[in-house]
Amino acid sequence: MSISGPQRSFLDPQVLSRLSSIPLFSRRAMVGNVSGIHASPHRGSSVEFAEYRKYVPGDDPRRLDWRAYGRSDRYYVKEFEADTNLRCCLILDTSGSMNFGTTGVTRLEYARRIAGSLAHIAIRQGDAVGLTCISDKLVRTIPPRRTPSHLRGIFDILEHAEAAGDTRLVERLHELAETIPQRALVVLLSDLFVSPSELREAFDHLRFRKHDVVVFHLLDPLELSFEFQRPMRFLDMEGGTSIFAEPNEIADRYQKALQAYLEEMKTVVLGSEVDYHRVRLDSDYELVLQNFLATRARTKGAR
């Protein structure tokens, strides 16, 4: 499938061509509506053997295993695993802090590249993709579908998404956990400027609904290093008050608070079994996606 329609600044056809050679797999069994490449919790007609089951009246006689009958003098039905498609729900944080970036790209622009690439890969392999933009509310949402024309609609929303306003990330994740039907691959792209303990509850809610949760945590190199050389006025990009400070006087406290936050986040995602990826904005997004897809290819297949 080629990219049709207007050229998108966040899509590189050569990168998509290279990434398309690696399938996007779910780590958990999915409940789709057509045949696909993902494990299903139901029995089906794939070539992968699942188990023998005793014959009961009503079973198709053509499924009887006559070799098992010859060995045991009992009727058994041979069952196989089913493979299905998945529904990929992309969640894009569009709160004001996503407009930050010191490497020539903002968090929002970086998130566009990852979301657009994943949407292209998923629809190319027959999966359904949807997109939700969130800040203090659900800004825009488009339900999962798997047609090429639907992909153009997702690209349009990504292209016109703007970072503005406050965030209510935890509340919106709880809302989406209740409204996304059945099992889905839920991909969150955000700076996660919220308390990790509150995020744990939202992640556990999504996991309780049997979703396979992926998080791309987008961080700017400067907010990790905090290498400011002169007094600065630090602005809250989500509408809070500004702070004028001498960086050298607060650097130690900032680094301690940052490391504590990152350690707590690591504990939360491990406990919630979230597929977590901490991403610096100066990282090559193609390599980030290659590692993500390759790791999933090695761990696919749980039913």
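Bear in mind that the values here come from a model prediction, so they are computed numbers and not experimental data. (Residues numbered from 1 in each chain as written. Predicted model: local features only at pLDDT ≥ 70, side-chain atom pairs only at ≥ 80, totals over all residues. Heavy atoms only, no water.)

Brief notes about the overall build of the chain
The helix and strand inventory of the chain stands at nine helices and 10 strands. The buried share of the chain, taken over its 303 residues, is 47%. In the chain, of all internal contacts separated by at least 6 residues, the share reaching a separation of at least 24 is 77%. As presented, the chain carries roughly 15400 Å² of accessible surface, and 49% of it is formed by carbon and sulfur atoms. (Helix = DSSP H or I, 4+ residues; strand = E, 2+ residues; numbered from the N terminus. Buried < 20%, exposed > 50% of the residue type's maximum accessible area, 1.4 Å probe, protein only. Contact = heavy atoms within 4.5 Å. Areas by Shrake-Rupley, 256 points an atom, 1.4 Å probe, with all protein chains shown as cover.)

Points about the layout of surface pockets
The computed volume of the largest pocket comes to approximately 940 Å³. In terms of lining, the largest pocket is formed by 26 residues, of which the most central are F193, E223, F234, L235 and Y254. For the lining of the largest pocket, the elements supplying multiple residues, two or more each, are α7 (221-225), β8 (232-234) and α8 (247-271). A total of five residues in the lining of the largest pocket trace back to one element, the largest contributor, which is α8. When the residues that make up the lining of the largest pocket are grouped by side-chain class, the tally is 17 nonpolar, four polar and five charged. Taken as a whole, the second largest pocket spans an internal volume of roughly 170 Å³. Forming the boundary of the second largest pocket are 14 residues, of which T132, T141, P143, P144 and I180 lie nearest the centre. (1 Å grid on protein atoms, 1.4 Å probe; cavity = no way out; pocket = protein on both sides within 12 Å on 5 of 7 lines; lining within 4 Å. Points joined across faces, edges and corners; volume = space filled by probe spheres on them. Nonpolar A, V, L, I, M, F, W, Y, C, P; charged D, E, K, R; others polar.)

Focus on the packing of aromatic side chains
For the structure shown, the criterion picks out nine aromatic pairs. Relative to F292, the ring of F216 lies with its centre 5.3 Å away and its plane at 70 degrees, an arrangement referred to as edge-to-face. Note that F216 is positioned in strand β7 (residues 212-219) and F292 in helix α9 (residues 285-299), a separation of 76 residues in sequence. Ring plane angle 15 degrees and centroid distance 5.7 Å describe the contact between F226 and F234, whose orientation is recorded as stacked. By relative accessible area, F226 is classed as buried at 9%. Joined through ring pairs, the aromatic side chains of F226, F228, F234 and Y254 make up one cluster. (Phe/Tyr/Trp six-rings, centres within 6.5 Å; stacked < 30°, edge-to-face > 60°.)

Here we look at the pairing of strand β4 (residues 128-134)
Within a regular strand, the side chains alternate between the two sheet faces. With seven of seven residues buried, β4 lies mostly within the body of the structure. The alternating pattern of β4 places A128, G130, T132 and I134 on one face and V129, L131 and C133 on the opposite face, and all of these are buried. Each parallel crossover has a hand, and for strand β3 (residues 87-93) linked through helix α3 (residues 107-124) to β4 it is right-handed. In this sheet, strand β5 (residues 138-145) lies alongside β4 in antiparallel orientation, the contact comprising five bridges. (Right-handed = clockwise from strand over helix to strand, strands pointing away. Pairing = 2+ DSSP bridges.)

Here's the deal with the packing of α3 against helix α4 (residues 148-160)
Taken N-terminus to C-terminus, the directions of α3 and α4 make an angle of 175 degrees; their axes are 10 Å apart at the nearest point. By the angle between their directions, the pair α3 and α4 is classed as roughly antiparallel. Side by side, α3 and α4 meet where R112, A115, G116, A119, H120 and I123 of the first sit next to P148, H150, L151, I154, F155, L158 and E159 of the second. Partitioning the contact of α3 with α4 into residue classes produces eight nonpolar, three polar and two charged. (Axes fitted to C-alpha atoms, helices over the stretch in contact; angles between N-to-C directions. Parallel < 35°, antiparallel > 145°, perpendicular 65-115°, else oblique.)

Description of the nonpolar core
One finds L90, L92, Y110, L118, V187 and F216 to be the most contacted residues of the largest nonpolar core, which totals 48 residues. Elements with a contribution of two residues or more to this core: α1 (13-19), β3, α3, β4, α4, β6 (185-190), β7 and α9. When residues in this core are grouped by element, the largest group, 10 residues, is from α3. One finds C89, V170, V186 and L262 within the second-largest nonpolar core, a separate group that totals 30 residues. (Core = buried A, V, L, I, M, F, W, Y, C linked by side-chain atoms within 4.5 Å.)

Notes on the environment of D93
Residue position: D93 is located in strand β3. Residue D93 is classed as buried on the basis of its relative accessible area of 2%. Along the primary structure D93 and C133 are separated by 40 residues, whereas in three dimensions their C-alpha atoms are 6.0 Å apart. Looking at D93, its side chain comes within polar contact range of the side chain of S95, at 2.8 Å. A polar contact is formed between the side chain of D93 and the side chain of S190, at a distance of 2.8 Å. (Polar contact = N/O pair within 3.5 Å; in protein donor to acceptor, adjacent residues only side chain to side chain.)

Re unusual backbone geometry
Excluding glycine, most residues fall at negative phi; most peptide bonds, likewise, are trans. A positive phi angle, near 65 degrees, is found at D73, a position not held by glycine. Here D73 lies in the loop between α2 (66-72) and β2 (76-84). Judged by relative accessible area, which is 57%, D73 ranks as exposed. Although it is not a glycine, Q182 adopts a positive phi angle of roughly 55 degrees. For Q182, the position within the fold is in the loop between α5 (169-179) and β6. Note on Q182: relative accessible area 49%, which makes it partly exposed.

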